[in-house]
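Below are the chains, spelled out letter by letter.
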Amino acid sequence: MTGSLPLRPRLRALRPEAFGADPSGARLERILRSPNFADGVFQNPVGARTRPSGSMAEFAKIYFHKEQRARRSPEAPIPVHPTTLADLAKPPASGLRLTWMGHSSILAEIDGRRVLFDPVWGDRCSPFPFAGPKRLHPVPVPLASLGSVDVVVISHDHYDHLDLPTIKALARTDTVFAVPLGVGAHLERWGVSPDRLRELDWNEATEVAGLTLTATPARHFCGRGLRNQQFTLWASWVVSSGEHRIFHSGDTGYFPGFKEIGAEHGPFDATMIQIGAYSEYWPDIHMTPEEGLRAHLDLQGGAPAGTLLPIHWGTFNLAFHAWAEPAEWTLDVAEDADQRVAAPRPGEPFEPAGTLPVERWWRPVSTPIARPWRTQAPEDLPRSDTRAADLDLAGER
């Protein structure tokens, strides 16, 4: 038809807004020049299977099993910290304070600056408001009440880390966004001006408000649309103020590169490590709690140090394990290793240098949690012989 758009632009115009945008122009040229891009896709630091093993019939059998489904949700409302805003109004005595908002969303206050990691304030991690995994607990504070943020850090473009309504709300502020290479295309489509983007390849750094932010490798994958073209990068992040250093893992499987990151940028006052949504069906792209502890120790030079904050659990039902199993197991393995670990309620601020929240607050709202997946701990993880002898392997898969 005369005057109509060619097919490809017309199809692009029909693309749902939540799918974001494909990199193009100078951004695409930069991607093609990246040392981490080969054979038409971004490459993991070590090989990783990104698609689940097993058949759809096998998945369906597990997913719809009545008892298994009951374990994946709390039996009563999850307790959200009630005084988050009042607590945040007081400056941290140590200069460093972390507030877990649920899943992988963290507000880090670091020597007078505020960093917001992977903010997801939406009700569902999905391209659609009517379908997809729904929140198991409300957000601790409204985004509009959180106050100014110096920089928003995004680990990758999956829906449970890059949330359209949240980004559109933050686009109306003057905050800066630090994102992996290629992710800026999504943000520009959603209203973030290019001058507020800091788009980094692995091992590149940028300065924002006196902070140094470095994109570091991770073992994962990307994709928001119907096709996953691996044209946007995924990353972990190091943030340093000069006085304090923190690490956010994003989503990742375990890989030896944590030792290299620790040697280059550590040790860290605190690490925020993904320990949830693991499965034997996708062992290369998410970590179990034991692997998360191993990653933390690698980052700290091989010995217990700093504070470990478990993330990527308790907010969205994204795997087959019990909803609170990751936290329960993380506290167990951290105790075995004499490693300090924080277990805050959603919205509960804490200072890594101070008294840590360690109460297993999820137990009153959970079905009993069997010891999960614990076979024999890796030999290079320190552990207590008495705790090892007491392991209940009833939950081992």
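These figures come from a predicted structure and were not determined experimentally.

(A) Quick peek at the environment of proline 52. Secondary-structure assignment places proline 52 in the loop between β2 (41–42) and α3 (56–63). Sequence separation between proline 52 and glutamate 280 is 228 residues, and the spatial gap between their C-alpha atoms is 8.8 Å.

(B) Layout of the packing of aromatic side chains. Summed over the entire model, instances satisfying the criterion amount to 18 aromatic pairs. Here phenylalanine 37 and phenylalanine 42 contribute two aromatic rings whose centre-to-centre distance is 5.2 Å and whose plane-to-plane angle is 80 degrees, an arrangement assigned as edge-to-face. Phenylalanine 42 shares its class with phenylalanine 37; the two are buried. Pairing tyrosine 254 with phenylalanine 258 gives two aromatic rings, centres 5.8 Å apart and planes at 35 degrees, and the pair type is tilted. These aromatic residues form a ring-pair network of at least three members: Phe37, Phe42, Trp202, Phe231 and Trp234. Above the plane of the ring of tyrosine 254 lies arginine 294, whose end atom (NZ or CZ) is 5.1 Å from the centre.

(C) Fine view of the sheet that holds strand β9 (residues 205–208). Here six strands make up an open sheet; going across it, the order is β9-β10-β11-β12-β13-β14 and the pairing mixed. The strands lining the two open edges of the sheet, one partner per strand, are β9 and β14 (307–311). The sheet shows a mean angle of 20 degrees between the axes of neighbouring strands, direction not considered. Looking at chain direction, strand β13 (residues 270–274) and β14 are connected through five bridges and run parallel. Opposite isoleucine 273, over in β14, you have proline 310 as the bridge partner.

(D) Spatial organisation of the side chain of threonine 315. Position of threonine 315 relative to the elements: it lies in the loop between β14 and α10 (325–336). For threonine 315, a relative accessible area of 0% translates into the label buried. Not counting chain neighbours up to four residues away, the residues in contact with threonine 315 comprise Trp100, Gly102, His103, Lys134, Arg135, Leu136 and His137.

(E) Up close: the sheet that holds strand β8 (residues 197–200). Across the sheet, which stays open at both edges, the seven strands sit in the order β8-β7-β6-β5-β4-β3-β15 with mixed pairing between neighbours. At either end of the open sheet lies a strand with only one pairing partner, and these are β8 and β15 (349–350). Pairing analysis gives two bridges linking strand β3 (residues 96–102) to β15, with the strands arranged antiparallel. Its bridge partner lying in β15, leucine 98 is registered against phenylalanine 350.

(F) Region of interest: the packing of helix α9 (residues 289–299) against α10. Interhelical geometry of α9 versus α10 gives an angle of 50 degrees and a closest axis separation of 8 Å. Between α9 and α10, the interaxial angle falls into the category oblique. In this structure, the crossing between α9 and α10 has a hand that is right-handed. Contact residues: α9 offers Pro289, Glu290 and Leu293, while α10 offers Pro326, Trp329, Thr330, Val333 and Ala334. Classifying every residue of the contact of α9 with α10 gives six nonpolar, one polar and one charged.

(G) Representation of the pattern of salt bridges. Scanning all chains against the criterion turns up 10 salt bridges. We note a salt bridge from arginine 27 to glutamate 199, for which the minimum N-O separation is 2.9 Å. On the criterion of sequence distance, the pair formed by arginine 27 in helix α2 (residues 25–33) and glutamate 199 in strand β8 is long-range, its members being 172 residues apart. A single burial state applies to arginine 27 and to glutamate 199, both of which are buried. Linking aspartate 332 and arginine 360 is a salt bridge whose minimum nitrogen-to-oxygen distance equals 3.1 Å. Here the residue aspartate 332 occupies a position in helix α10, and arginine 360 occupies one in the loop between β15 and α11 (385–389), the gap between them amounting to 28 residues. Of the two residues, aspartate 332 and arginine 360, neither departs from the other in class, the shared state being buried. Taken together, the salt bridges that share partners define one network made up of Glu328, Asp332, Arg360 and Arg363.

(H) The arrangement of the pairing of strand β5 (residues 113–117) in detail. Counted residue by residue, β5 has four buried out of five residues, so it is predominantly covered. Between the end of strand β4 (residues 105–110) and the start of β5, which pair antiparallel, lie two residues, with aspartate 111 showing a positive phi angle near 50 degrees. With three bridges connecting them, β5 and strand β6 (residues 151–153) associate as parallel partners. What sits directly across from leucine 116, in β6, is valine 152.

(I) Molecular detail of unusual backbone geometry. In this structure, the amide linkage connecting glycine 266 to the following residue, proline 267, adopts the cis form with an omega of -5 degrees. Note that proline 267 resides in the loop between α8 (257–265) and β13. In this structure, aspartate 111 is a non-glycine residue whose phi angle is positive, near 50 degrees. One can find aspartate 111 in the loop between β4 and β5.

(J) Here's a closer look at α9. When you tally the buried positions in α9, you get 10 out of 11 residues, the bulk of the element. Listed in full, the buried residues belonging to α9 are Pro289, Glu290, Gly292, Leu293, Arg294, Ala295, His296, Leu297, Asp298 and Leu299. Where α9 is buried, its residues touch β12 (245–248), α8, β13, β14 and α10. In the segment just after α9, glycine 301 is the residue with positive phi, at about 85 degrees.

(K) The environment of arginine 15, seen in detail. The residue arginine 15 is located in the loop between α1 (7–13) and α2 in this model. Taking the C-alpha atoms as reference points, arginine 15 and glycine 225, 210 residues apart in sequence, are found 8.6 Å from one another. Residues contacting arginine 15, with those up to four places away along its chain left out, are Gly20, Ala21, Asp22 and Arg189.

Calculation criteria
In this convention, every chain numbers its residues from 1, walking through the sequence in written order. This being a predicted model, a pLDDT of at least 70 is required before a residue's local features are given, and a value of 80 or more before pairs of side-chain atoms are given or counted; all residues contribute to the totals for chains, interfaces and linings. Side-chain measures here rest on the full set of heavy atoms in the structure, leaving out hydrogens and waters. Going along the chain from the N terminus, every DSSP run of H or I of four or more residues is numbered as a helix, and every run of E of two or more is numbered as a strand. Working definition: a ring pair exists when centres of Phe, Tyr or Trp rings (six-membered ring for Trp) sit within 6.5 Å. Plane angles under 30 degrees give stacked, over 60 give edge-to-face, the rest tilted. Relative accessibility thresholds used throughout: buried, under 20% of the residue-type maximum; exposed, over 50%; partly exposed, between the two (1.4 Å probe, protein chains only). For a lysine, the NZ atom is tested; for an arginine, the CZ atom; a charge sits over a ring if that atom is within 6 Å of the ring centre and within 35 degrees of the ring normal. Here a strand pair is declared whenever DSSP counts at least two bridges between the two strands. As a rule, the C-alpha atoms of each element are fitted with a line to give its axis, helices using only the stretch in contact, and angles between N-to-C directions run from 0 to 180 degrees. Working rule for contacts: check all heavy atoms of both residues, and any pair within 4.5 Å makes them a contact. When describing relative orientation, an angle under 35 degrees is termed roughly parallel and one over 145 degrees roughly antiparallel, while 65 to 115 degrees is termed roughly perpendicular and anything else oblique. Crossing handedness is read from the near helix: turned anticlockwise from the far helix by less than a right angle, it gives a left-handed crossing, and turned clockwise, a right-handed one. Asp, Glu, Lys and Arg are counted as charged, while Ala, Val, Leu, Ile, Met, Phe, Trp, Tyr, Cys and Pro are counted as nonpolar; the rest, among them Gly, fall into the polar class. A carboxyl oxygen of Asp or Glu within 4 Å of a side-chain nitrogen of Lys or Arg is what we treat as a salt bridge.

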